[in-house]
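A look at the structure
So you can see what is in the structure, the chains are spelled out below.
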Amino acid sequence: LMLACLVSSCSLFQPFVDRRRNAGEKDMNKLYVGRSKTDEPAICYNILTTNYAEVKKMADEECIKHKTGTHAVPFKQTQFTCRLLLPTHIYFKCEK
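Residues numbered from 1 in each chain as written. Predicted model: local features only at pLDDT ≥ 70, side-chain atom pairs only at ≥ 80, totals over all residues. Heavy atoms only, no water.

1. Section: the environment of Phe 80
With respect to the helices and strands, Phe 80 occurs in the loop between β5 (71-79) and β6 (88-95). Taking relative accessible area as the criterion, Phe 80 reaches 73% and is therefore assigned exposed. For Phe 80 and Cys 44, which are 36 residues apart along the polypeptide, the C-alpha to C-alpha distance reads 9.9 Å. (Helix = DSSP H or I, 4+ residues; strand = E, 2+ residues; numbered from the N terminus. Buried < 20%, exposed > 50% of the residue type's maximum accessible area, 1.4 Å probe, protein only.)

2. So, the state of the cysteines
Under the defined criterion, the tally for this structure stands at two disulfides. Each disulfide pairs two cysteine sulfurs, and for Cys 44 the partner residue is Cys 82, the sulfurs being separated by 1.7 Å. Taking the sign of the S-S torsion, 85° for the link of Cys 44 and Cys 82, the bridge is right-handed. Here Cys 82 lies in the loop between β5 and β6 and Cys 44 lies in strand β4 (residues 42-45), a separation of 38 residues in the sequence. Accessibility expressed as a relative area gives 0% for Cys 44, which makes it buried. Judged by relative accessible area, Cys 82 falls into the partly exposed class, the value being 24%. (Disulfide = S-S within 2.5 Å.)

3. Quick word on the pairing of β4
Along β4, one buried face is formed by Ala 42 and Cys 44 and the opposite face, lined by Ile 43 and Tyr 45, is buried too. Alignment of strand β1 (residues 16-17) against β4, held across two bridges, turns out to be antiparallel. Its bridge partner lying in β4, Phe 16 is registered against Cys 44. Where β4 lies against β6, four bridges are found, and the strand directions are antiparallel. (Pairing = 2+ DSSP bridges.)

4. Here we look at the nonpolar core
Formed by Val 17, Ile 43, Tyr 45, Val 55, Met 58, Ala 59, Cys 63, Ala 72, Ile 90, Phe 92 and Cys 94, the largest nonpolar core amounts to 11 residues. Going through the elements one at a time, β4, α2 (52-65) and β6 are the ones with two or more residues in this core. Per element, the largest residue contribution to this core is four residues, and it comes from α2. For Cys 63, the residues in contact, after removing those within four places along its chain, are Pro 41, Thr 68, Gly 69, His 71, Ala 72 and Cys 94. (Core = buried A, V, L, I, M, F, W, Y, C linked by side-chain atoms within 4.5 Å. Contact = heavy atoms within 4.5 Å.)

5. Let's talk about the side chain of Glu 62
Tracing the backbone shows Glu 62 in helix α2. Setting aside residues up to four positions removed in sequence, Glu 62 forms contacts with Val 17, Arg 19 and Pro 41.

6. Topic: α2
Taking 1.5 Å of rise per residue, the 14 residues of α2 would be expected to cover 20 Å, and the 20 Å separating its terminal C-alpha atoms lies within 8% of that figure. Along α2, the positions that sit buried rather than exposed are Val 55, Met 58, Ala 59, Asp 60, Glu 62 and Cys 63. Each element contacted by the buried residues of α2 is listed here: β1, β4, β5 and β6. Of the residues trailing α2, Lys 67 is marked for its positive phi of about 55°. (Expected span 1.5 Å × (residues − 1).)

See below:
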C-alpha cells in the first residue's frame, strides 16, 4: 500500500497545461475551459521540482499543435493560482 502511494504521488508533481474539455459542447470557442487558450498556453508547475526548460517545451508544443505559432514567449506568472503541489501558473503567447 505504501509503495502504491509513493508511485502515484510522482504524478502529482508533473506540470500540465491548464485546459479542460467542456463535455458535450459543440461550439469550438467554448469547447475548452481553463486559463489556457490555443494561442496563449497556461501551464501549472512547481518551481522547486520542474525546470523552466521543460515548461517552455510544453508551451512550444502547444503552439505548434494548435498551429498558432512556432514558439511560446512568457508574459505573466502567478503564484498560488493552480493546485496545491503545483502552485505556479505561467502564461505564454504563441509567436511565429
